[in-house]
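In case you want the letters, here they are:
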Amino acid sequence: MKSLDDNLSYCNFAKTVLMLIVVLCHSAAFYGGNWFTVLEPTQTNQYLASLSSWLGTFHVQAFTLISGYIFYFLRKESGRYSDFKSFIINKARRLLVPYFAVSLFWAIPIGGMFYNYTINEVFNQFILGQSPAQLWFLLMLFNVFMIAFLLLDNNISWRSWGGGACVGIMFALSPLISILLPNYFQIITSMKYVLFFYTGFMIRKHCPNISPKSMLRIGGILLLFNLLLFTLREEFNWEVSILMKMIKYTISCLCEWCGAVMAFFLLSSFASSIKWKNAIFDSISEASFPIYLFHQQIIYCLLWHFSVFFTPIKMSIICFCCSVLISWAIGTLMNKNKLTRMIIGGK
């Protein structure tokens, strides 16, 4: 089996930082006025709103891209994931078990304290997976893994136009299908996010030994494009016609694609130049998935009880620090027991 190279080791750094960026995004999102809507902000903050919106152009997208990057290494270079049954069981254990466990024992009870979920809302949002708070990501990633495996398993070449055409068709159809059908189990969202997974797959295939300096240069250029496209998306009124809405969607997709590749390259480049392997980072990295699983409801509680006492910036910092520390502590404790470790997707 091929050993891990430096670029693959940087993926661990990038994935951990991206999980923290998700928490930062949610910590600031409330002050944009369209997040945790059961509570009215005493004041809004345009800078925090813009920061949250910008972080949302690349955080989960880049994580999905990295998953595709690693998938190529494991499947094509290391000979792993050769059996579909074993593969699906593994991904179900790592993603679906945490999805249902955290939904049942955490997201629904705590979210219900604020949103007063009805049985019908619980069924539609969590059982059917249409809007399961932060847990949508688990369903989406599980679906994307299944799509990726089946494309390869049926010899649809990811090396030529075949795989790219399938990904492009799914991506193009996803907004149209979303108009006609509910987003059950995040299947429609998965059709969009498979593009980022495929991008990571192709980066690993064609550029496995790209240097950190090249990553820095390319990432810097893509950052400029990402910011330009983000500014265009945010500053203009695109709701005046169907054509303008289509242009906005295209700009948004390009912004997210540039952002995903940018984040992966820049974080990998940073990982090559700093000493990030230490006990503190290793502990955060090990608990990064539980941090993602638990942080949002902790932010709900903090905002509900304390937002009136602090300025938006201070409250966002409090939400970020406390939600990371509390969810880290929960994850660390759960990782010590085999049963609870399984609940959060551990081995």
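Anyway, here's the lowdown on the structure attached to this text. (Residues numbered from 1 in each chain as written. Predicted model: local features only at pLDDT ≥ 70, side-chain atom pairs only at ≥ 80, totals over all residues. Heavy atoms only, no water.)

1. Things to note about the packing of helix α12 (residues 288-306) against helix α13 (residues 312-334)
At their nearest, the axes of α12 and α13 sit 8 Å apart, and the two run at 135° to each other. Comparing their axes, α13 and α12 come out oblique. Here α12 runs over α13; the crossing is right-handed. Taken together, the residues of α13 that come into contact with α12 (itself represented by P290, I291, F294, H295, I298, I299, L302, L303 and F306) are M315, I318, C319, C322, S323, V324, I326, S327, W328, I330, G331 and M334. Per-class residue counts for the contact of α12 with α13 are 17 nonpolar, four polar and no charged. (Axes fitted to C-alpha atoms, helices over the stretch in contact; angles between N-to-C directions. Helix = DSSP H or I, 4+ residues; strand = E, 2+ residues; numbered from the N terminus. Parallel < 35°, antiparallel > 145°, perpendicular 65-115°, else oblique. Left-handed = near helix turned anticlockwise from the far one by under 90°. Contact = heavy atoms within 4.5 Å. Nonpolar A, V, L, I, M, F, W, Y, C, P; charged D, E, K, R; others polar.)

2. Focus: the packing of helix α11 (residues 279-286) against α12
Packing of α11 against α12 brings their axes to within 4 Å, and their N-to-C directions diverge by 55°. Judged on the interaxial angle alone, α12 and α11 are oblique. For the pair α11 and α12, the contacting residues are I284, S285 and E286 in the first and S288, P290 and I291 in the second. By residue class, the composition of the contact of α11 with α12 is three nonpolar, two polar and one charged.

3. Concerning α12
Under the 1.5 Å per step criterion, the end-to-end length of α12 is 25 Å for 19 residues, consistent within 8% with the ideal 27 Å. For α12, the principal kink sits at F294 and spans about 40°. (Expected span 1.5 Å × (residues − 1). Bend = angle between axes of the 7 residues up to and from the residue.)

4. Looking at the nonpolar core
L18, F137, L138 and L303 are the most contacted members of the largest nonpolar core, which totals 104 residues. Leave out the neighbours within four places in its chain, and L303 touches F30, Y31, W35, F36, L39, M315 and C319. (Core = buried A, V, L, I, M, F, W, Y, C linked by side-chain atoms within 4.5 Å. Buried < 20%, exposed > 50% of the residue type's maximum accessible area, 1.4 Å probe, protein only.)

5. Section: the pattern of salt bridges
Under the criterion given, the structure shown has three salt bridges. With a closest N to O distance of 3.1 Å, E256 and K192 form a salt bridge. Linking E256 in helix α10 (residues 242-273) with K192 in helix α8 (residues 187-206), this pair joins segments that are 64 residues apart in sequence. Under the relative-accessibility criterion, E256 is labelled buried at 7%. Among the salt bridges present, the one from R233 reaches E234, with a minimum N-O distance of 2.9 Å. You can call E234 partly exposed: its relative accessible area is 39%. (Salt bridge = Lys/Arg side-chain N within 4 Å of Asp/Glu carboxyl O.)

6. Here we look at the packing of aromatic side chains
Scanning the model with the defined rule gives 37 aromatic pairs in all. Ring centres of F36 and Y115 lie 6.1 Å apart, and the angle between their planes is 75°; this geometry places the pair in the edge-to-face category. On the criterion of sequence distance, the pair formed by F36 in the loop between α1 (6-29) and α2 (46-55) and Y115 in helix α4 (residues 84-115) is long-range, its members being 79 residues apart. With a centroid separation of 5.8 Å and an interplanar angle of 25°, the aromatic rings of F71 and Y81 are classed as stacked. Pair noted here: F71 is in helix α3 (residues 59-77) and Y81 is in the loop between α3 and α4, with a separation of ten residues, a long-range link. When sorted by exposure, F71 lands in the same class as Y81, which is buried. Among the aromatic residues, those joined into a ring-pair cluster are F30, Y31, W35, F36, F114, Y115, Y117, F126, Y300 and W304. Directly above the ring of Y81 sits R80, whose terminal nitrogen or CZ lies 5.8 Å from the centroid. When the ring centre of F145 is taken as origin, the NZ or CZ atom of K91, which lies over that ring, is 4.2 Å away. (Phe/Tyr/Trp six-rings, centres within 6.5 Å; stacked < 30°, edge-to-face > 60°. Lys NZ or Arg CZ within 6 Å of the ring centre and 35° of its normal.)

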